[in-house]
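Okay, here's what each chain looks like letter by letter:
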Amino acid sequence: MTTELLTALALVLVLEGVAYALFPDLMRRMLAVALMTPVGQLRIAGLIAATCGVGLVWLMRG
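Here's a quick rundown of the structure. In this text, all values refer to a predicted model and were calculated from it rather than measured experimentally.

Conventions adopted
Starting from 1, residues in each chain are numbered consecutively following that chain's sequence as written. The model is predicted, so local features are restricted to residues of pLDDT at least 70 and side-chain atom pairs to those at 80 or more, both for listing and for counting; the totals for chains, interfaces and linings are taken over all residues. Based on all heavy atoms of the structure, the side-chain values leave hydrogens and waters out of the count. The way it works is that DSSP assigns letters per residue, a run of H or I at least four long becomes a helix, a run of E at least two long becomes a strand, and they are numbered from the N terminus. As defined in this context, the radius of gyration uses C-alpha atoms, and a globule is described by 2.2 Å times the residue total to the power 0.38. Using a 1.4 Å probe, accessible areas were evaluated by the Shrake-Rupley method; residue-level cover was limited to the displayed protein chains. How far a helix is expected to stretch is found by multiplying one less than its residue total by 1.5 Å. Summary of the burial criterion: residues with accessible area below 20% of their type's maximum are buried, those above 50% are exposed, and those between are partly exposed, where the area comes from a 1.4 Å probe applied to protein chains only.

## Details of the overall build of the protein chain
A tally of helices and strands in the protein chain yields three helices and zero strands. For the protein chain, whose C-alpha radius of gyration is 14 Å, the value lies well above the compact-globule estimate of 11 Å for 62 residues. Dimensions along the principal axes, computed over C-alpha positions, put the protein chain at roughly 40 × 30 × 20 Å. Of the roughly 5700 Å² of accessible surface on the protein chain, 76% is carried by carbon and sulfur atoms.

## Let's talk about helix 3 (residues 39-61)
With 23 residues, helix 3 ought to run about 33 Å at 1.5 Å a step, and its terminal C-alpha atoms sit 33 Å apart, in line with that. For helix 3, the tally of buried residues reaches only zero of 23 residues, placing the bulk of the element at the surface. Of the residues flanking the end of helix 3, it is G62, one or two places downstream, whose phi is positive at about 25°.

Listed below in C-alpha cells is the structure:
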C-alpha cells in the first residue's frame with residue numbers, strides 16, 4: 001500500500017472516530033435508519049458518494 005492510501009484510510013478512521021466520540025446518539029440513530037433503508041437505495045448512495053470522492057481526488061490531484 002502506498003503512503004497516500006494509508007493516509008487516506010487513517011483520515012477516514014479519524015473522522016469516523018470523532019463522529020462516534022462527539023455524537024454517539026446521532027450515529028446510533030443514523031445506523032438505525034440505515035438498517036431500515038432498502039439495499040438498493042444504500043447501494044445507489046454508496047456509488048454516488050464513491051463517484052464524488054473519486055471526482056474530488058481527481059480534481060485535487062489534477
